[in-house]
Amino acid sequence: MSGSKYGDQRSFIEVINDVDSFVLNDSFYQLITHDNTTCIGYISSTIANYFIGFDKYFKVNHQLKTITIDSSFDTFETRNIMIADIANQWRSIKELDEQLNKGWRNELYTAYYPSTEPYFLVERSFSVLLGVVTYGVHLNGYIPANKSSNGKLKMWIPRRSPTKPTYPGMLDNTVAGGLGYPHGIWETVIKECFEEAGLSQEFIESHAKCVGVTSYLYKTKDGRVQPEVEYTYDIEFDNEFDVIPHPEDGEAEYFKLMDIDEILERLYNKEFKPNCGLIIVDFLIRHGLITPENEPHYFEIVNRCHRNLPFPTR
């Protein structure tokens, strides 16, 4: 393997550092539930300033660094209306155009409180400004070594469209998508596999299996935090020829079947969208290709692919 070195061994720790990258500090505000009991998100000080003037919705305490939802919003329905209203008002703020408007999807995510209970729905691009936990599915389409034409494990790797609003042109997992309301996890798997890769429901139902979940706290380039949970699936293809993923909705530019050597090289070169790199590292660990013997930061990597998030979760 080639890439950066730690001592006399190469490591994937930098792939993880690029994703699980957030460290809480005094510049962040806590988003507090209407009953004043629980933090459900971290908000950067820059974004916190935009809450000033919305006193009927939030109570901002700069000394305690808290932004508390007003106690009058004590139902799921009223919170949904309130969150949608402020998100739409903020769309007119010029400084938030890059974060909010360019990523606006008309797709709702669910924030939870208490755990497993939907607390409010929020537009996908606005959820990032609130620092609440978001959820998605990531699927690794692969051909095991014993079914590969060159005797090496291979994976179907797409290149993201150059017109994508986030991480254009980078490499991705075979299929990945956010968990939008009101779709369930398996429903999202089926939907995303067809929309992104043209894979039929029949094929996915007979070839995909859930293999776990990853979680991490991602710090964006502009200093915000994205706590994310990704449900992970493996799709074992029977061979290289019968079923071939192909771009269906324009999310991907093309798919390429890469063997493990090329995948490792591109991981080291950071050609993958950051969280997709983490998902592939997790795949390599589960398949015994990254081990305590060849990875000097094995314990840290495994733990940081499965962070304990300090918020209520799904």
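Cut-off values and rules
Residues numbered from 1 in each chain as written. Predicted model: local features only at pLDDT ≥ 70, side-chain atom pairs only at ≥ 80, totals over all residues. Heavy atoms only, no water. Helix = DSSP H or I, 4+ residues; strand = E, 2+ residues; numbered from the N terminus. Rg over C-alpha atoms; globule rule 2.2 N^0.38 Å. Buried < 20%, exposed > 50% of the residue type's maximum accessible area, 1.4 Å probe, protein only. Contact = heavy atoms within 4.5 Å. Lys, Arg positive; Asp, Glu negative; His and termini not counted. Charge placed at Lys NZ, Arg CZ, Asp CG, Glu CD. Salt bridge = Lys/Arg side-chain N within 4 Å of Asp/Glu carboxyl O. Expected span 1.5 Å × (residues − 1). Phe/Tyr/Trp six-rings, centres within 6.5 Å; stacked < 30°, edge-to-face > 60°. Lys NZ or Arg CZ within 6 Å of the ring centre and 35° of its normal. Core = buried A, V, L, I, M, F, W, Y, C linked by side-chain atoms within 4.5 Å. pLDDT = per-residue confidence, 0-100.

Draft legend 1. Representation of the overall build of the protein within the structure. On a plain count of helices and strands, the protein comes out with 10 helices and 14 strands. Radius of gyration (C-alpha) of the protein: 20 Å, near the 20 Å computed for a compact globule of 314 residues. With the principal axes as the frame, the protein shows a C-alpha extent of 65 × 45 × 35 Å. Within the span of the protein, comprising 314 residues, buried residues form 52% of the whole. Excluding contacts between residues fewer than 6 apart, the proportion of contacts in the protein whose partners are at least 24 apart in sequence is 66%. Taken together, the 30 basic and 45 acidic charged side chains of the protein have centroids lying 5 Å from each other.

Draft legend 2. A look at the pattern of salt bridges. Following the criterion strictly, the structure yields 20 salt bridges and no others. One salt bridge in this structure joins glutamate 262 and lysine 256, with 2.8 Å as the shortest N-O distance. In this structure lysine 256 comes out as partly exposed when scored by relative accessible area, which is 33%. Where glutamate 271 meets arginine 266, a salt bridge forms, and the shortest distance between an N and an O atom there is 2.6 Å. Each of Asp20, Glu300, Arg304 and Arg307 takes part in one network of salt bridges that share partners.

Draft legend 3. Quick look at helix H9 (residues 274-286). When the terminal C-alpha atoms of H9 are compared, their 19 Å separation across 13 residues agrees well with the 18 Å that a helix rising 1.5 Å per residue should span. Among the 13 residues in H9, 12 count as buried, and that is most of the element. Three or more residues of H9 are buried, namely Pro274, Asn275, Cys276, Gly277, Leu278, Ile279, Ile280, Val281, Asp282, Phe283, Leu284 and Ile285.

Draft legend 4. How the structure looks around helix H8 (residues 260-268). All of the buried residues along H8 are Ile260, Ile263, Leu264, Arg266, Leu267 and Tyr268. Looking one or two residues beyond H8, the residue adopting positive phi is lysine 270, at roughly 60°.

Draft legend 5. Quick peek at the packing of aromatic side chains. Taken as a whole and judged by the stated rule, the model has 17 aromatic pairs. Relative to tyrosine 268, the ring of phenylalanine 12 has its centre 4.7 Å away and its plane inclined at 5°; by these criteria the two rings are stacked. You can see phenylalanine 12 sitting in the loop between strand E2 (9-10) and helix H1 (13-17) and its partner tyrosine 268 sitting in helix H8, a full 256 residues away along the chain. Residues tyrosine 119 and phenylalanine 120 carry aromatic rings whose centres are separated by 5.6 Å and whose planes lie at 50° to one another, so their mutual orientation is tilted. Owing to a relative accessible area of 1%, tyrosine 119 belongs among the buried residues under this scheme. One aromatic cluster is present, built from ring pairs that chain together Tyr50, Phe51, Phe54, Tyr57, Phe58, Phe73, Trp90 and Phe126. Above the face of the tryptophan 104 ring, arginine 91 is positioned so that its terminal group lies 3.9 Å from the ring centre.

Draft legend 6. Molecular detail of the nonpolar core. Formed by 34 residues in total, the largest nonpolar core has its most connected members in Leu139, Cys193, Leu199, Ile204 and Ile235. When neighbours within four sequence positions are excluded, cysteine 193 is seen to be in contact with Leu139, Val175, Gly198, Leu199, Ile204 and Ile235. Judged by nonpolar contacts, the second largest core, of 32 residues, contains Leu96, Tyr113, Phe120 and Val122.

Draft legend 7. Quick look at the confidence of the model for the protein. For the protein, the mean per-residue pLDDT works out to 94, and 97% of the residues sit at or above 70. pLDDT under 50 marks residues 1-8. Its contacts with residues more than four places away, or in other chains, come to 18 contacts.

Draft legend 8. Representation of the environment of valine 122 within the structure. Along the chain, valine 122 turns up in strand E8 (residues 118-123). What makes valine 122 buried here is its relative accessible area of 1%. On a C-alpha basis, the gap between valine 122 and tyrosine 181 in space is 9.3 Å, while along the polypeptide they are 59 residues apart. Leaving out residues up to four positions away in the same chain, valine 122 has contacts with Ile83, Glu107, Leu108, Tyr109, Ser127 and Leu130.

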